[in-house]
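Chain by chain, the residues run as shown.
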Amino acid sequence: MFRPSRIEIDRAAIAHNIQELRKRIPQAIMAVVKANGYGHGAVEVAKVALENGATMLGVALLEEAIELRDAGISAPILVMEAQFPDAAGVAAERGITLSVFSAEWLEEAKQFLNGQTLTVHIKVDTGMGRLGLRSREELDAMLNAANESFDLEGIYTHFATADELGSELYYEQQERFERLIEGLHDRFRYVHTSNSAGAIRMAGQDVPYNLVRVGIAMYGLYPSAEMQGFYSFLRPAFTLKSKLMHVKRLEAGQTISYGATYTTSTEEWIGTVPVGYADGWLRKASGFEVDVEGERCPIVGRVCMDRFMIRLPREYPVGTDVTLIGGPIAIDELAMYLETINYEIVCEFTGRLPRHYV
Ligand SMILES: *Cc1c(COP(=O)(O)O)cnc(C)c1O
């Protein structure tokens, strides 16, 4: 590996976060590792999570589940995105659980099963307005349509506002879910509602749910600024590091990068950092700051595809470490600068940046 730019994932931080969650939450933990483990590496994160007490994995796509199986992971895996019925055969064969929400889907999927049984969780829409059934009639139709071809193992819903403490919708969704599944809790092995924010909010409460789906908290990040009070034990696992590739002194009046949007005002030391928007370090990060040996240095001029430039307080040797994310530079600070959320930041880094596990 020649490239000095890398994402470092702290396995111990993920282990710590899972362990701390387990201390507070009585429910079983599904570790959500969709989107390549929120950019952290799905297989590596899944292994750490399972070693530390998670008992199930959650992904969005069947392909993501197959990747985990191909890596030798045998734990139950729930695919949370909808799949077309022709996915049923492969899912059953590989022991992968699908999310379903219509009787017609079950009918159609049967032809792909070749006598195998497919495990499914029923998805209920109580306020997201995306996937899921919305009425007891639809649910009853599914219960009737499922024969020995399907193991209806679970039923679940997803909150739109679990990370907003003042939201009424959060409580309304719980009520809708309870009304819809009234009298049916015992019909399912797993009844679940909560993402990271919901899981922590339910800690210590007596709820009729026995599984939580934890993503962002496992990675050590807060679902929202206002959830930080609940989550003070989390430790972020993600850092992005590089090294100064080139350092030079420019006299006053010199321009930097495309569009010549930055002009040196005096003599300045300018360093080049080999991370660009093709790595997921967005052009919009122009003007943000990175850390060089404990000093914050502004990104000057536009971020390029493969690199960006920073203004250094003094001359530094080529090869000096630069921290783009981690330590003094919190992901949440970058997220705020880019007017987005930490979830999007960790997902946006491309496969061109190698992941190192420490
Ligand atoms: C992604 C996802 C989660 C995990 O959410 P976090 O906020 O990251 O904990 C849980 N449930 C569903 C249905 C999801 O799609």
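Reading guide: rules and limits
- Residues numbered from 1 in each chain as written.
- Predicted model: local features only at pLDDT ≥ 70, side-chain atom pairs only at ≥ 80, totals over all residues.
- Heavy atoms only, no water.
- Buried < 20%, exposed > 50% of the residue type's maximum accessible area, 1.4 Å probe, protein only.
- Helix = DSSP H or I, 4+ residues; strand = E, 2+ residues; numbered from the N terminus.
- Pairing = 2+ DSSP bridges.
- Right-handed = clockwise from strand over helix to strand, strands pointing away.
- Patch = residues over 30% accessible without salt bridge, like charges linked within 9 Å, V, L, I, M, F, W, Y side chains within 5 Å.
- Areas by Shrake-Rupley, 256 points an atom, 1.4 Å probe, with all protein chains shown as cover.
- Salt bridge = Lys/Arg side-chain N within 4 Å of Asp/Glu carboxyl O.
- Lys, Arg positive; Asp, Glu negative; His and termini not counted.
- Charge placed at Lys NZ, Arg CZ, Asp CG, Glu CD.
- Expected span 1.5 Å × (residues − 1).
- Polar contact = N/O pair within 3.5 Å; in protein donor to acceptor, adjacent residues only side chain to side chain.
- Phe/Tyr/Trp six-rings, centres within 6.5 Å; stacked < 30°, edge-to-face > 60°.
- Lys NZ or Arg CZ within 6 Å of the ring centre and 35° of its normal.
- Near = heavy atom within 4 Å.
- 1 Å grid on protein atoms, 1.4 Å probe; cavity = no way out; pocket = protein on both sides within 12 Å on 5 of 7 lines; lining within 4 Å.
- Sits in = over half its atoms within 2 Å of the grid points.
- Nonpolar A, V, L, I, M, F, W, Y, C, P; charged D, E, K, R; others polar.
- Arc of directions from axis to C-beta.
- Contact = heavy atoms within 4.5 Å.

J.: Honestly, the pairing of strand 6 (residues 118-124) in this entry has me stumped. Any pointers?
T.: Along any regular strand, the residues point their side chains to alternate faces of the sheet. The element strand 6 is extensively covered by neighbouring structure, given that 6 of its 7 residues are classed as buried. The pairing of strand 5 (residues 97-100) with strand 6 spans 3 bridges and is classified as parallel. Paired with L98 across the strands is V120, a residue of strand 6. In this sheet, strand 7 (residues 150-157) lies alongside strand 6 in parallel orientation, the contact comprising 7 bridges. Within strand 7, the position partnered with K123 by the bridge is Y156. With helix 7 (residues 136-145) bridging strand 6 and the parallel strand 7, this β-α-β connection has right-handed handedness.

J.: Explanation requested: a negative patch on the surface in the structure shown.
T.: Taken together, the side chains of E104, E108, E137 and E138 present a region of like negative charge at the surface. Among the secondary structure elements, those contributing two or more residues to the negative patch are helix 6 (103-109) and helix 7. The residue E138 is located in helix 7 in this model.

J.: Explanation requested: helix 1 (residues 11-24) in the structure shown.
T.: Think of an α-helix as 3.6 residues a turn; residues three or four steps apart then line up on the same face. Compared with the 20 Å implied by 1.5 Å per residue over 14 residues, the 21 Å span of helix 1 between its first and last C-alpha is a close match. Measuring from the backbone nitrogen of A12 back to the side-chain oxygen at the start of helix 1 gives 3.1 Å, which picks out D10 as the cap.

J.: Can you help me understand the pattern of salt bridges in this one?
T.: Oppositely charged side chains may form a pair once their charged atoms are brought near each other. Inspection of the entire model under this criterion finds 20 salt bridges. Its salt-bridge partner being K241, residue E8 comes within 3.1 Å of it at the nearest N-O pair. With E8 in strand 1 (residues 6-9) and K241 in strand 10 (residues 238-243), this pair connects stretches of sequence that are 233 residues apart. Through salt bridges that share partners, R3, D279, D306 and R352 make up one connected network.

J.: Help me understand the environment of V90, please; the structure alone is not making it clear to me.
T.: Mapped onto the fold, V90 is located in helix 5 (residues 88-93). Along the primary structure V90 and T323 are separated by 233 residues, whereas in three dimensions their C-alpha atoms are 43 Å apart.

J.: What exactly am I supposed to notice about the environment of D140 here?
T.: Tracing the backbone through its elements, the reader meets D140 in helix 7. For the pair D140 and A31, spaced 109 residues apart in sequence, the C-alpha separation works out to 30 Å.

J.: Mind showing me how you'd approach the packing of aromatic side chains here?
T.: Geometry of an aromatic ring pair is reported as the spacing of the ring centres plus the angle between the planes. In this structure the tally under the stated criterion is 9 aromatic pairs. By way of ring pairs, the aromatic residues W281, F288, F308 and Y337 are connected into one cluster. Sitting over the face of the ring of F233, R24 holds its NZ or CZ atom 3.9 Å from the ring centroid. It is R201 that lies over the ring of Y170; its NZ or CZ is 3.9 Å from the centre.

J.: Quick question: what am I supposed to make of the site of the ligand here?
T.: Taken together, 13 residues sit near the ligand, with K34, Y38, S196, R213 and Y343 positioned nearest. Separating an oxygen atom of the ligand from a side-chain N or O atom of K34 is a distance of 2.7 Å. Protein contacts shield 93% of the accessible area of the ligand, which totals 390 Å² for the unbound molecule. In this structure the site holding the ligand corresponds to the largest pocket. For the shell around the ligand, the secondary-structure elements that each account for two or more residues are helix 2 (34-38) and strand 9 (211-214). Considered class by class, the residues forming the shell around the ligand number 6 nonpolar, 4 polar and 3 charged.

J.: Whenever I open this one, helix 7 confuses me. Can you help?
T.: For helix 7, every residue scored as buried is listed here: L139, M142, L143 and A145. Buried residues of helix 7, seen end-on, are gathered within an arc of 165 degrees and therefore sit on one face of the element. For helix 7, exposure combined with an orientation more than 90 degrees from the buried face picks out E137 and N144. Each element contacted by the buried residues of helix 7 is listed here: strand 5, helix 6, strand 6, strand 7 and helix 8 (169-180).

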